[in-house]
Structures are given as C-alpha cells and as structure tokens.
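If you want the building blocks of each chain, they are given just below.
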Amino acid sequence: MSDTDNDYCLIDVTRPPRADGPPYAACVLCQKPTEYPESYKGITLCPVCEWREAERTSCSG
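Residues numbered from 1 in each chain as written. Predicted model: local features only at pLDDT ≥ 70, side-chain atom pairs only at ≥ 80, totals over all residues. Heavy atoms only, no water.

J.: Outline helix H1 (residues 47-57), supporting the account with residue identities and numerical values.
T.: Among the residues making up H1, those that are buried are Cys49, Glu50 and Ala54. Within H1, the buried residues cover an arc of 140 degrees as seen down the axis, which keeps them to one side. With respect to the buried face of H1, the exposed residues turned more than 90 degrees away are Trp51, Arg52 and Arg56. (Buried < 20%, exposed > 50% of the residue type's maximum accessible area, 1.4 Å probe, protein only. Helix = DSSP H or I, 4+ residues; strand = E, 2+ residues; numbered from the N terminus. Arc of directions from axis to C-beta.)

J.: Describe the environment of Pro47, naming the residues involved and giving the relevant values.
T.: With respect to the element layout, Pro47 can be found in helix H1. In sequence terms Pro47 and Thr34 are 13 residues apart; their C-alpha atoms lie 6.8 Å from each other.

J.: Break down the environment of Leu45 for me, citing the residues and quoting the values.
T.: Checked against the element boundaries, Leu45 lands in the loop between strand E2 (33-37) and H1. Using a relative accessible area of 15% as the deciding quantity, one classes Leu45 as buried. Residues Leu45 and Thr34, spaced 11 residues apart in sequence, show a C-alpha to C-alpha distance of 6.0 Å. In contact with Leu45, not counting residues within four places along its chain, are Cys27, Val28, Leu29, Thr34, Tyr36, Glu50 and Glu53. (Contact = heavy atoms within 4.5 Å.)

Shown next as structure tokens:
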C-alpha cells in the first residue's frame, strides 16, 4: 500500500494497525470482519463501510 492509496480527505482520522491474521475486529456498522486486530480498542470499519464513510465525509470542492 502506498501513500497515494489514502489520499481522500479524512479529518482527524487515525487508523488502527493492520492485523497479521485472525481474529479480526468486527465492523461497527455491519459486523463483518475488518482488516484490524480484534484487540484494537476503538472504531473499526470493514473495507466497504470504510469506503462509504470516506465518500460520505469527503471534502468537496
């Protein structure tokens, strides 16, 4: 993953570390597995919900 993979506008968003393998944390919106470790304390989103949230909150202009 390069720096350009995350070029969409996120305001004050910190990402949890990627998990090396299971168990994965559940998405807080749809409960599907995420790419993040189950031990992470905080909001985790699956790739689909993460993309939709980025679209919803993207900076326009």
